[in-house]
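# Inside the fold
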Amino acid sequence: MAEFPGKVNTETSSPSQTAVQGFSVRLISLDLIFIRTVPAILMITEIALGLLVWALIASTQYFRVPGFGWVMFVSVFLWILTILVFFIYFLRINSKLVSVPWTIVLLAFNVTAAVLYITAFLTASASITPYFIAGTLNFNNLAAAAFFACLVMIAYCASSFLSFMTWRREGGGTIAQAAGTVPA
């Protein structure tokens, strides 16, 4: 009877609680430091201003103005992708997928987004005329959307520059070298 108290396990946790706690700790971890970085602030700016662009366009009959369908597509598509990329970095998913060259992926995304927003801004600016049919289109909303498209374009260009500088700092050379497909 003297050995009995030493062999008794008095823990009261169930296996399901341990699995749930382990899941929340291992797979989902927030990177609060990331939010304070310049790339994160630029992504938040791109998300907020991109939302303004497509909301302003969607509040009009943009399909009657040639070119605004393209601007709407670019703004909504990149808005969704930017939210996705932001959460990939904020939830540290990029650190769990180490086989993906995230520096190159972010560089390619930002450069592509900058080019697409340049075309969207130029299209929006060229498509705005003050001679809209009264009551069918809201000139002010489309003009404001073009202005905010310019701001988003500038933000994506700044993100492209920062991504390029990060890529160069990490030993950029060629894209194939950075991806690890060519021996150094």
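Within an unreviewed UniProt entry, the label attached to the chain reads Plasmolipin, and the organism entered is Lepisosteus oculatus. For the record of the chain, the UniProt heading Sequence similarities (unreviewed entry) holds the text "Belongs to the MAL family." Regarding the chain, the UniProt comment filed under Subunit (unreviewed entry) reads as follows: "Forms oligomers."

### Structural notes on the nonpolar core
In terms of nonpolar packing, the biggest core is built from 37 residues, with F68, Y117 and Y156 touching the most fellow members. Secondary structure elements with two or more residues in this core: α3 (38-58), α4 (68-90), α6 (102-127) and α7 (139-169). Ignoring any residue separated from it by four or fewer positions in sequence, one finds Y117 in contact with G50, V53, V74, S75, L78, A149, V152, M153 and Y156.

### Observations concerning the pattern of salt bridges
In the structure shown here, the tally under the stated rule is one salt bridge. Between D31 and R92 there is a salt bridge, and its shortest N-O distance comes to 3.5 Å. Placement of D31 in the loop between α2 (15-26) and α3 and of R92 in the loop between α4 and α5 (93-96) is noted, with a sequence separation of 61 residues between them. Looking at D31, the relative accessible area reads 18%, which means it is buried.

### What about a nonpolar patch on the surface?
Together, L30, L32, I35 and I44 give the surface a local cluster of nonpolar side chains, amounting to about 320 Å² of exposed area. Within the secondary structure layout, L32 lies in the loop between α2 and α3.

### Focus on the environment of A146
Within the secondary structure, A146 sits in helix α7. With 21 residues separating them in the primary sequence, A146 and S125 have C-alpha atoms 5.8 Å apart. Ignoring sequence-local partners within four residues, the contact set of A146 consists of F121, A124, S125 and I128.

### Some points on the environment of W79
Topologically, W79 is positioned in helix α4. Judged by its relative accessible area of 21%, W79 is partly exposed. The spacing of W79 and W54 is 25 residues in sequence and 8.9 Å in space, taken between C-alpha atoms.

### Structural notes on the packing of α3 against α4
Packing of α3 against α4 leaves a shortest axis separation of 9 Å and a crossing angle of 150°. Between α3 and α4 lies a crossing of left-handed hand. Contacts between α3 and α4 involve A40, M43, I44, E46, I47, G50, L51, V53, W54, I57 and A58 from the first element and F68, V71, M72, S75, V76, W79, T82, I83, V85 and F86 from the second. When grouped by side-chain class, the residues that make up the contact of α3 with α4 number 17 nonpolar, three polar and one charged.

### As for the environment of A124
Take A124: it is sitting in helix α6. Under the relative-accessibility criterion, A124 is labelled buried at 1%. When the C-alpha positions of A124 and V65 are compared, they lie 9.5 Å apart, and in sequence the two are 59 residues distant. A124 has contacts with F68, V71 and A146, leaving out every residue within four places of it along the chain.

### A short note on α3
End to end, α3 covers 30 Å across 21 residues, agreeing with the expected 30 Å (1.5 Å per residue, within 8%). Along α3, the residues that are buried comprise A40, L42, M43, E46, I47, L49, G50, V53, L56 and I57. In this structure, the buried residues of α3 make contact with α4, α6 and α7.

Basis of the calculations
Residues numbered from 1 in each chain as written. Predicted model: local features only at pLDDT ≥ 70, side-chain atom pairs only at ≥ 80, totals over all residues. Heavy atoms only, no water. UniProt positions renumbered as here; feature names shortened; annotations may be inferred. Core = buried A, V, L, I, M, F, W, Y, C linked by side-chain atoms within 4.5 Å. Buried < 20%, exposed > 50% of the residue type's maximum accessible area, 1.4 Å probe, protein only. Helix = DSSP H or I, 4+ residues; strand = E, 2+ residues; numbered from the N terminus. Contact = heavy atoms within 4.5 Å. Salt bridge = Lys/Arg side-chain N within 4 Å of Asp/Glu carboxyl O. Patch = residues over 30% accessible without salt bridge, like charges linked within 9 Å, V, L, I, M, F, W, Y side chains within 5 Å. Areas by Shrake-Rupley, 256 points an atom, 1.4 Å probe, with all protein chains shown as cover. Axes fitted to C-alpha atoms, helices over the stretch in contact; angles between N-to-C directions. Left-handed = near helix turned anticlockwise from the far one by under 90°. Nonpolar A, V, L, I, M, F, W, Y, C, P; charged D, E, K, R; others polar. Expected span 1.5 Å × (residues − 1).

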